[in-house]
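Overview (structure and organization)
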Protein chains: 2
Amino acid sequence: MSKTTITGTRSESVRLMNQSVVLRAVHLAGESSRSMLVPATGLTRGAVGTIVGDLVDLRLLEEERAGSDGSPGRPSTLVRPSPRAVVVAFDIRVETVAVGVFTLGGHRLAATRISRDHDRGPEHTVDEVATIARGLLELLPPDTVVHGVGAAVAGLVRQHDQLVVSGPNLGWRDVPIGALLRDRLGADVHVAVGNDGDLGALAETRRGAAVGLADVVYLSGEVGIGGGVIAGGRPLTGSAGCSGEVGHIPVNPDGLPCNCGSSGCWETEAGDHALLRRVGRSDEIGTAAIEAVVHDAEAGDAAVLAALDEHARWVAFGLAGVMNTFDPDLVVLGGTLARIHPYIAEAVDRELDRRVFDVIRAHARVVPSELGIDAMLTGAAEWAWESVLTEPPRAASGVAASTILRRSA
Amino acid sequence: MSKTTITGTRSESVRLMNQSVVLRAVHLAGESSRSMLVPATGLTRGAVGTIVGDLVDLRLLEEERAGSDGSPGRPSTLVRPSPRAVVVAFDIRVETVAVGVFTLGGHRLAATRISRDHDRGPEHTVDEVATIARGLLELLPPDTVVHGVGAAVAGLVRQHDQLVVSGPNLGWRDVPIGALLRDRLGADVHVAVGNDGDLGALAETRRGAAVGLADVVYLSGEVGIGGGVIAGGRPLTGSAGCSGEVGHIPVNPDGLPCNCGSSGCWETEAGDHALLRRVGRSDEIGTAAIEAVVHDAEAGDAAVLAALDEHARWVAFGLAGVMNTFDPDLVVLGGTLARIHPYIAEAVDRELDRRVFDVIRAHARVVPSELGIDAMLTGAAEWAWESVLTEPPRAASGVAASTILRRSA
DNA sequence: CGGGTTTGTCGCAGCCTTGGAGAAACCCGC
DNA sequence: GCGGGTTTCTCCAAGGCTGCGACAAACCCG
């Protein structure tokens, strides 16, 4: 049960907060100059100077004397994320798994995606991704420091013990994914696990279609419909960290049974299965089947287009509820919803015009994802960085990449 | 469009934040001792001492040397909210309007509720409530200071201009309620306006069934179904301040038209009209009609009980979506939903067991409101205090009650 | 009257800000 | 091409504010 607590600020935490603010600013904006950080953080030149110094000492940032940029005045020192400070990100979804290494600032140094073996358990999946991660780390300079591990999982993640409580589409149940990854990569590495929808939302607000926006809803449609919400600039977590499961809003009293145990959930009407059902291909599954539908739509197949129109109405039916609930700046559609967006956008908009409050509709746009399939992986990296971003001195407990290589060998 | 900004902490703002923390602690806990405030705020004795001194100077708190309380040691100085520091709260709903005066700490000094004249416009309503407020203030000591005005309105409130954009059940549209109240009470008084559901949620987390909980959903069923959400300890606002309209989640593709322009909204299936329709009394409206239904249920009327059972399924149908969306600690039912709770609780629970994820269901309870009809008024007071709680020095710009009496005469 | 507890006060350390000196680049006029 | 003026940035020392810790005093109880 989550409780609210209020805590006073002690003077030592002022420095901590300002380190966090400066580091976050560089992380979000990428390479900056000291003088750009002054207005961005609201601190003075002096404070920025010492704090950047701290962060350089922690090997999180690098400074470089800049050459002239053509403008008058002395050029400001450049500040950039260190390319030796990285996190490892995992994206574990139904059909594929992906591994990536990301620097502070969100630059992707390397990434691999492979198809997932459905028949074997979570341990096998963890072994596989850990092996890939090792392979990626081997290619990096030996002084690279891993500051954390992030994992996006297509299932409900209970935050306090990082347990995948339920991943119906993965076939997982009560999988201690956080502990498994930690065991496989070294007990002292910091692991952050999140729901795929939540991390997709995080990624799109940091690196994608919703950069800088405070109220964002992300919808991923892979097999089911996952959701993630950024509210007031912060990820919505809920009591156990399981919020944002908008795919399981009941929308059809006469609907089909859902994997979750309920029936008539939004994802049973607006997910992949529903789409394939509507085009009369209930026996097919997976990305290939969806691609075939998109291909036929592109070719102008009237039956498919009609099915997409019907599908759009269901997408909008649920989306209207989500928008009236959250009053977002932006709704980002990922996965299948992004893929079919061109063919459903008009019908969705029409339905939303009718069902969403005018005040909300007036400013809320619905756009396809910018990050596409990489949203979750990017989000996992952002999630992994979060711990260092809030408390930069933790960077001191980062683990040398070489240590992880020895451990997992 | 809401944007995220990050700002560094300057040393002067530390004091501000700590004043806010101490004041908030006293506001929430009521009379405390200095020594109790030390663990509650995480500050040291010295800091608490000087900060309490500041707040006493601002006439927000009072100190009193305590007598012995039986425990060993020197009794700690008592700290309590000043009974002279008040806010005025308004609750404007469909059938009635209410006015109250609340001290810091949430104590209600006086309150009045009258029925609302449906046929006259918002200006008339504002005149009426302002007159009542004047009457209540006249009864208070002349050195009373009004630190703000809060209003709960049964409609969508756009925060940036405090406009009631849409209050279909009130018959209001684009009413500048904030400006009207300010004009009527004096231009220098701080006015905070909020949606009734949002303020109900605030009230229940501060003074009602959800005290101290971080993730709470409040549902008010008067004519429609209003909602309010506290997420991560903070009220969910959304981009324009119009979030939490869960009553307008579409739940029935074949549903009836809704006042909002859509159809099949949750409130068309779980609101008062739907209940009366199910018991075959579509021609009746209002609290009296609902009371009659409750009376018949109490008497064991089989048809009414069956209708309530059907109603319960619709209540749970929408509620399941809300719970999967927010993963709350607690759902608080207000208004009609609280009134009929005894007759629907079992059926609602059964349906939720089936439709809500187990992890969420395991900790989320559904309870009737503790504050009842006063929830919105209490929430309006809390909302009014919010500005002073965040920045205590603003108390210096409170307005003497006598000034308001002169102004509005 | 002694033990235990709480409070107030004082010096110390940490953090940020201010303001001035100095450095580095640009522009312009000679 | 060169030097002065301008702009912008960095660095440094002084100053103010804050919270922290330790001590002594105040207070209650047995």
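Note: the structure precedes this text.
Residues numbered from 1 in each chain as written. Chains lettered and ligands numbered in written order. Predicted model: local features only at pLDDT ≥ 70, side-chain atom pairs only at ≥ 80, totals over all residues. Heavy atoms only, no water.

1. Focus on the interface of chain A and chain B
At the interface, 72 residues of chain A touch 72 residues of chain B. Summing both sides of the interface, chain A and chain B together bury roughly 5700 Å²; the carbon and sulfur share of this comes to 59%. Run the count over chain A and chain B and you get zero salt bridges. Counting across the interface, chain A meets chain B through 20 residue pairs in polar contact (both at pLDDT 80 or more). Counting only elements with at least two residues in the side of chain A that touches chain B, the list comes to α1 (11-29), α2 (34-41), β8 (156-158), β9 (163-167), α10 (302-326), α12 (341-355) and α13 (358-363) of chain A. Top element by residues in the side of chain A that touches chain B is α10(A). It accounts for seven residues. Of the residues that constitute the side of chain A that touches chain B, the class distribution is 31 nonpolar, 28 polar and 13 charged. (Contact = heavy atoms within 4.5 Å. Buried area = accessible area lost by both parts, 1.4 Å probe. Salt bridge = Lys/Arg side-chain N within 4 Å of Asp/Glu carboxyl O. Polar contact = N/O pair within 3.5 Å; in protein donor to acceptor, adjacent residues only side chain to side chain. Helix = DSSP H or I, 4+ residues; strand = E, 2+ residues; numbered from the N terminus. Nonpolar A, V, L, I, M, F, W, Y, C, P; charged D, E, K, R; others polar.)

2. Quick notes on the pairing of strand β5 (residues 96-103) of chain A
All names here are of chain A. Of all eight residues that make up β5, eight are buried, and the element is covered over most of its length. Burial of β5 is two-sided: the residues Thr96, Ala98, Gly100 and Phe102 facing one way and the residues Val97, Val99, Val101 and Thr103 facing the other way are all buried. Summarising the sheet, strand β4 (residues 85-92) and β5 pair through seven bridges and their orientation is antiparallel. Each bridged residue has a counterpart across the sheet, and for Ile92 the counterpart in β5 is Val97. Counting the residues that bridge the hairpin from β4 to β5 gives three residues. Two elements, β5 and strand β6 (residues 108-115), share seven bridges in a ladder whose sense is antiparallel. Paired with Ala98 across the two strands is Arg113, which belongs to β6. Where β5 folds back onto β6 in an antiparallel hairpin, the turn is made up of four residues, including Gly105, whose phi is positive at roughly 95 degrees. (Buried < 20%, exposed > 50% of the residue type's maximum accessible area, 1.4 Å probe, protein only. Pairing = 2+ DSSP bridges.)

From the geometry alone we can't say anything about function, so treat these as descriptive.
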